[in-house]
Amino acid sequence: MKKTLFKLFGDYTFLFKNPHFLKIYLAQALSKFGNQMHRFGLPWIVYDLSGSAKLMAINFSISLIPGAIFSLIGGFLADKKNRKNILIIGDFLACFFCLILIFIYYKSALEVWHLFVLTFLLSSINAFYLPTFEALLPNIVKREDIVQANSLFSITTSFINLSGPILAGIVIGFIGPFYNIGINALSFFISFVLILFLPYSKLSYQKKTEPQYSGWRNSLKYIRTQDWLLYGTVLMCGVFLGGGSIGSLIQFYLRDNLGLSGQMIGISFALFEFLPLLIIGFAAPKLSKIYSYESLMFVGSIVYSVSFIGLGATTFYPLFIIVSMLMNASLVLMLISWNTLKQQKVPNNLLGRVSGTILTVQSITFPLGGAISSLLVNYISPRQVFITFGCIVLFCSLSILLTPFPILNKKDRNRRKNII
């Protein structure tokens, strides 16, 4: 049975035979788990100190700002400086800032603004960290193994997203929210130690065989001249715009429109977030051998937009769960395909800047979608907002249909068939 599953979904064990990938994988998994603890612990502390739901919302908004400001700089540094140093410094500073907050707390001097500062600092570090991590993966694994690596990260994220909130709630309930911050500090420290033992040669930021691009102007020129990159960015802008709408209204929709209790909301999130992430994480490598990443992204965007519209068209709970699962499954498929496409096609000495530019655009469109939907909900129902944004995503997808982006050429199709 085990061999059958490996044959169907792909065997990931070969990745763990690579000691450098194993260190990066464990470091990322620990960081993501620690961030889940932080994500639930910090708003709780804000509310304990202030008793204000508005300040909790402000804290969340602060976490979105650095991505739009610092991702470009982070991408530039990822191409100009050693990527290992960036990751080491990022983990060290994140651990240090968490420990400072804990120290202030035990000195009984903690105020809400301290939490806002920590949120901004950690989000800023993450804005430097993400483009660096995306750029280093092709230095760690073979080009043909990148999709398996991205899929494995997706599978791991699904388990962390499921277990993280549960453990965070247990910690908050039994020993207090500040222990969540301590767990986050510990996760950053272990990640720091793991990356410290990576060889510098494995995280080199340039290869002599690749074309050299100096400065942002030539990098932007590269993006403009690569149709797949330009069209893919437009497509993902529409997707993240819609994602911001879902992120800002989904809990309100579940509670007020579907009338779900807090327990049922938690179960619903587990169903339509955990299962699609897990299934597509396993299936993506197999699909990528049959279809091009561009085709997977285009089809995924169509399914995503139609599911988005379906989300607003129904209040029947079982149908809502099915539609939500389709929507999240298509989103995960697009993200895996998009990340792999960039990591395989973009020259490695330019990958940091390209990733930083795209992350900046995404960091703007996601909160923009949330802000627009928050305004619209004052005039129309959440269901109508979802249908509106679903139509916007569908328009972006259909506009890409008129370009060469979703077409799977014969040469690519034959190459992929030979791999199977």
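Definitions and limits used
Residues numbered from 1 in each chain as written. Predicted model: local features only at pLDDT ≥ 70, side-chain atom pairs only at ≥ 80, totals over all residues. Heavy atoms only, no water. Helix = DSSP H or I, 4+ residues; strand = E, 2+ residues; numbered from the N terminus. Buried < 20%, exposed > 50% of the residue type's maximum accessible area, 1.4 Å probe, protein only. Contact = heavy atoms within 4.5 Å. Areas by Shrake-Rupley, 256 points an atom, 1.4 Å probe, with all protein chains shown as cover. Polar contact = N/O pair within 3.5 Å; in protein donor to acceptor, adjacent residues only side chain to side chain. Salt bridge = Lys/Arg side-chain N within 4 Å of Asp/Glu carboxyl O. Patch = residues over 30% accessible without salt bridge, like charges linked within 9 Å, V, L, I, M, F, W, Y side chains within 5 Å. Core = buried A, V, L, I, M, F, W, Y, C linked by side-chain atoms within 4.5 Å. Phe/Tyr/Trp six-rings, centres within 6.5 Å; stacked < 30°, edge-to-face > 60°. pLDDT = per-residue confidence, 0-100. Axes fitted to C-alpha atoms, helices over the stretch in contact; angles between N-to-C directions. Parallel < 35°, antiparallel > 145°, perpendicular 65-115°, else oblique. Left-handed = near helix turned anticlockwise from the far one by under 90°. Nonpolar A, V, L, I, M, F, W, Y, C, P; charged D, E, K, R; others polar.

Let's shift gears to the overall build of the chain. Tallying secondary structure elements over the chain gives 16 helices and zero strands in all. Put simply, the chain has 420 residues, and 51% of those count as buried. Intrachain contacts of the chain at a sequence separation of at least 6 include 87% that bridge at least 24 residues. If you sum the accessible surface of the chain, you get close to 19,700 Å²; carbon and sulfur atoms cover 70% of it.

Turning our attention to the side chain of S288. Residue position: S288 is located in helix α11 (residues 262-288). Judged by relative accessible area, which is 4%, S288 ranks as buried. Looking at S288, its side chain comes within polar contact range of the main-chain oxygen of P285, at 2.7 Å.

The next subject is the side chain of Q28. Relative to the helices and strands, Q28 resides in helix α3 (residues 19-50). Apart from the residues within four sequence positions on either side, Q28 is in contact with Y129, F133 and F153.

This brings us to the pattern of salt bridges. Opposite charge on two side chains permits them to pair, given that their charged atoms come into close proximity. Summed over all chains, the structure comprises two salt bridges. The shortest N-O distance in the salt bridge between E294 and K345 comes to 3.0 Å. Taken together, the residues span a long stretch of sequence, with E294 in helix α12 (residues 293-313) and K345 in helix α13 (residues 317-345) at a distance of 51 residues. Exposure remark for E294: the relative accessible area of 10% places this residue in the buried category.

For the rest of this paragraph, the subject is the environment of Q344. Note on placement: Q344 falls in helix α13. When the C-alpha atoms of Q344 and D145 are compared, they prove to be 9.9 Å apart, with 199 residues separating the residues in sequence.

On the surface, Y105, Y106, L167, I170, F174, I175 and Y179 cluster together into a nonpolar patch covering about 780 Å² of accessible area. Where the nonpolar patch is concerned, the elements lending two or more residues are α5 (83-106) and α7 (146-174). In terms of residue count, α7 provides more of the nonpolar patch than any other element does, three residues in total. The exposure class of Y106 is exposed, given its relative accessible area of 56%.

Once that is clear, we can look at the nonpolar core. Ranked by internal contacts, the top residues of the largest apolar core, which has 52 residues, are W228, L229, F320, W338 and V354. Breaking this core down by element, the ones donating at least two residues are α9 (215-225), α10 (227-257), α11, α12, α13, α14 (351-376) and α15 (382-401). For this core, the element with the most residues is α10, which contributes twelve residues. L229 has contacts with Y222, I223, W338, K342, V354 and I358, leaving out every residue within four places of it along the chain. L110, V112, A185 and F188 belong to the second-largest nonpolar core, a separate cluster that totals 21 residues.

Summed over the entire model, instances satisfying the criterion amount to 15 aromatic pairs. With 6.0 Å between their ring centres and 55° between their planes, F96 and F97 make a pair best called tilted. Residue classification places F96 among the partly exposed positions, given a relative accessible area of 41%. Residue F97 is classed as partly exposed on the basis of its relative accessible area of 21%. In this structure an aromatic cluster arises from ring pairing among F92, F96, F97, F189 and F192.

Chain-level statistics for the chain give a pLDDT mean of 79 and a share of 86% at 70 or above. Across the chain, element-level confidence peaks in α12 with a mean pLDDT of 90 and bottoms out in helix α1 (residues 2-9) with 45. Overall, residues 205-212 carries pLDDT values under 50, and its contacts beyond four positions in sequence, including any with other chains, amount to 19 contacts. Counting contacts from residues 415-420, a segment whose pLDDT is below 50, to residues more than four positions away or on other chains yields eleven contacts.

On to the packing of α3 against helix α6 (residues 112-140). Put simply, α3 and α6 touch, their axes get as near as 12 Å, and they point 160° apart. Looking at the two axes, α3 sits roughly antiparallel to α6. When the axes of α3 and α6 are compared, the crossing they make is left-handed. Every residue of α6 that contacts α3 at H20, F21, I24, Q28, H38, L42, I45, V46, L49 and S50 is listed here: V112, L115, L118, T119, L122, Y129, F133, L136, L137 and I140. Its residues placed into classes, the contact of α3 with α6 shows 15 nonpolar, five polar and no charged.

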